[in-house]
Amino acid sequence: MECPLPEVLPPIIDNPYTILPSRIPSVDIVLATGLHNDLYLEIPEILRKSDVKGLIIFRDKSIDAPLGVVRNIVENCSSYGIEVATPKPSCSLKPNSRLIMEFIKQYRVGMPLITLRRIGKTISSINVHVSAPCGITYYVARQLLGYDVDEYDEACLRKFYDKIALHHHSYPCTGSMEYDYELGDTILHWGSYIERETYLLSLGLSNELLKTINERIMPKR
């Protein structure tokens, strides 16, 4: 279902059920994003009544389900036996429970996972096993075919990182460019780091991967 955008709704919604249904059809998992925070808070109760066992909230904007709201949702879902994931950005979704793992396997969206093959130093093929939900993983992969990567050359690696970031920023990533205090960076930049980490993992560059993760999680302000 589709709800009005948060910016057109009042700051406080006294009765969320003027917008939300009290029940929904019974499904395995519900995916929510871009809702008013007062509507988010009612979702666990609706899922409980509807016998839904899983919830994923994609948080690609700073105002979308902030940490206090997420903690309330996770607590209520836990008490109702509902599996929940609240990735920020959406491309950080990991299989943290059985049902969410099945969702990722079936729809192949979440934290990107690829297999990269080279002939010499040249990228000859990239198989996308899991894509970022927005589809950016496929786009970046197509742009990198034929690119030369020398993991033993620091300057070459830096150019490779810049190439990934350039194509990531050229695609309509759903991550916001507003500074996010929970991440200590913009959500889009976190998505760009995650895309780089995908390639480092496929290349088996564990030291570079660890350096990139540490760079991502370091607050930028």
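Our structure's up above, just so we're on the same page.
Parameters and conventions
- Residues numbered from 1 in each chain as written.
- Predicted model: local features only at pLDDT ≥ 70, side-chain atom pairs only at ≥ 80, totals over all residues.
- Heavy atoms only, no water.
- Helix = DSSP H or I, 4+ residues; strand = E, 2+ residues; numbered from the N terminus.
- Buried < 20%, exposed > 50% of the residue type's maximum accessible area, 1.4 Å probe, protein only.
- Contact = heavy atoms within 4.5 Å.
- Salt bridge = Lys/Arg side-chain N within 4 Å of Asp/Glu carboxyl O.
- 1 Å grid on protein atoms, 1.4 Å probe; cavity = no way out; pocket = protein on both sides within 12 Å on 5 of 7 lines; lining within 4 Å.
- Points joined across faces, edges and corners; volume = space filled by probe spheres on them.
- Nonpolar A, V, L, I, M, F, W, Y, C, P; charged D, E, K, R; others polar.
- Pairing = 2+ DSSP bridges.
- Right-handed = clockwise from strand over helix to strand, strands pointing away.
- Polar contact = N/O pair within 3.5 Å; in protein donor to acceptor, adjacent residues only side chain to side chain.
- Core = buried A, V, L, I, M, F, W, Y, C linked by side-chain atoms within 4.5 Å.

**Student:** Honestly, the overall build of the protein in this entry has me stumped. Any pointers?
**Tutor:** Looking only at helices and strands, the protein has eight helices and seven strands in total. Taken over the C-alpha atoms alone, the protein extends approximately 60 × 35 × 25 Å along its principal axes. The burial tally for the protein puts 47% of its 221 residues in the buried class. Long-range contacts, defined here as pairs at least 24 residues apart, represent 56% of the contacts in the protein between residues at least 6 apart.

**Student:** What exactly am I supposed to notice about the pattern of salt bridges here?
**Tutor:** Counted by the stated rule, this structure contains 12 salt bridges. Here Arg 118 makes a salt bridge to Glu 151, at a shortest N to O gap of 2.8 Å. Here Arg 118 is found in strand E4 (residues 113-119), whereas its partner Glu 151 is found in the loop between helix H5 (136-144) and helix H6 (154-170), with 33 residues between them in sequence. Judged by relative accessible area, which is 26%, Arg 118 ranks as partly exposed. A salt bridge links Asp 185 to Lys 220, with the shortest nitrogen-to-oxygen separation between them at 3.6 Å. Placement of the pair is Asp 185 in strand E7 (residues 185-186) and Lys 220 in the segment after helix H8 (206-217), with a sequence separation of 35 residues. The exposure class assigned to Asp 185 is buried, which follows from its relative accessible area of 6%. The exposure class of Lys 220 is partly exposed, given its relative accessible area of 36%. A single salt-bridge network, built from bridges that share partners, covers Arg 59, Lys 88, Asp 180 and Glu 182.

**Student:** Looking at this model, I keep getting lost on empty space enclosed by the protein. Mind explaining?
**Tutor:** A probe as big as a water molecule, rolled over the atoms, marks out the empty space that is left. Tallying each qualifying case throughout the model produces one cavity of 30 Å³ or more. Space inside the largest cavity adds up to approximately 60 Å³. For the largest cavity, the lining is made up of 13 residues, of which Cys 91, Ala 132, Cys 134, Ile 136 and Cys 173 are closest to its centre. Broken down by class, the residue content of the lining of the largest cavity amounts to six nonpolar, five polar and two charged.

**Student:** Looking at this model, I keep getting lost on the pairing of strand E1 (residues 30-33). Mind explaining?
**Tutor:** Every regular strand shows the same layout, with side chains that alternate between the two sheet faces. Residues of E1 alternate between two faces, with Val 30 and Ala 32 buried on one and Leu 31 and Thr 33 left unburied on the opposite face. Across four bridges, the pairing between E1 and strand E2 (residues 54-58) is parallel. Residue pairing for E2: Val 30 is matched across the bridge by Leu 55.

**Student:** Please clarify how the side chain of His 167 should be interpreted in this entry.
**Tutor:** Looking at the secondary structure, you find His 167 in helix H6. Relative accessible area serves as the criterion here: at 10%, His 167 is assigned to the buried category. In contact with His 167, not counting residues within four places along its chain, are Tyr 139, Val 140, Gln 143 and Leu 144.

**Student:** I'm lost on the pairing of E2 in this one. Help?
**Tutor:** Burial analysis of E2 places five of its five residues in the buried class, which makes it a mostly covered element. The alternating pattern of E2 places Gly 54, Ile 56 and Phe 58 and Leu 55 and Ile 57 on opposite faces, both of which are buried. As judged from the three bridges shared by E2 and strand E3 (residues 83-85), these two strands associate in the parallel manner. Of the residues in E3, the one forming a bridge with Ile 56 is Ala 85. Each parallel crossover has a hand, and the one from E2 via helix H3 (residues 67-80) to E3 is right-handed.

**Student:** Would you mind going over the environment of Arg 59 with me for this structure?
**Tutor:** Relative to the assigned elements, Arg 59 resides in the loop between E2 and H3. Excluding its chain neighbours within four sequence positions, the residues that come into contact with Arg 59 are Asp 64, Ala 65, Pro 66, Leu 67, Val 70, Thr 86, Pro 87, Lys 88, Pro 89, Glu 182 and Ile 187. For Arg 59, the side chain forms a polar contact with the main-chain oxygen of Ala 65, separated by 2.8 Å. One polar contact links Arg 59 to Glu 182, side chain to side chain, over a distance of 3.0 Å.

**Student:** Sorry if this is basic, but what is going on with the nonpolar core here?
**Tutor:** One recurring pattern in soluble globular proteins: nonpolar side chains tend to sit buried together. One finds Leu 116, Ile 123, Ile 126, Leu 144, Val 149, Phe 160 and Tyr 199 to be the most contacted residues of the largest nonpolar core, which totals 25 residues. Sort the elements by how many residues they give to this core and helix H7 (residues 187-203) lands first, with five residues. Once residues within four sequence positions are removed from consideration, Val 149 is found in contact with Arg 118, Lys 121, Ile 123, Cys 156, Leu 157, Phe 160 and Leu 203. Counting 22 residues, the second-largest nonpolar core is a separate cluster that includes Leu 9, Ala 32, Ile 46 and Ala 65.

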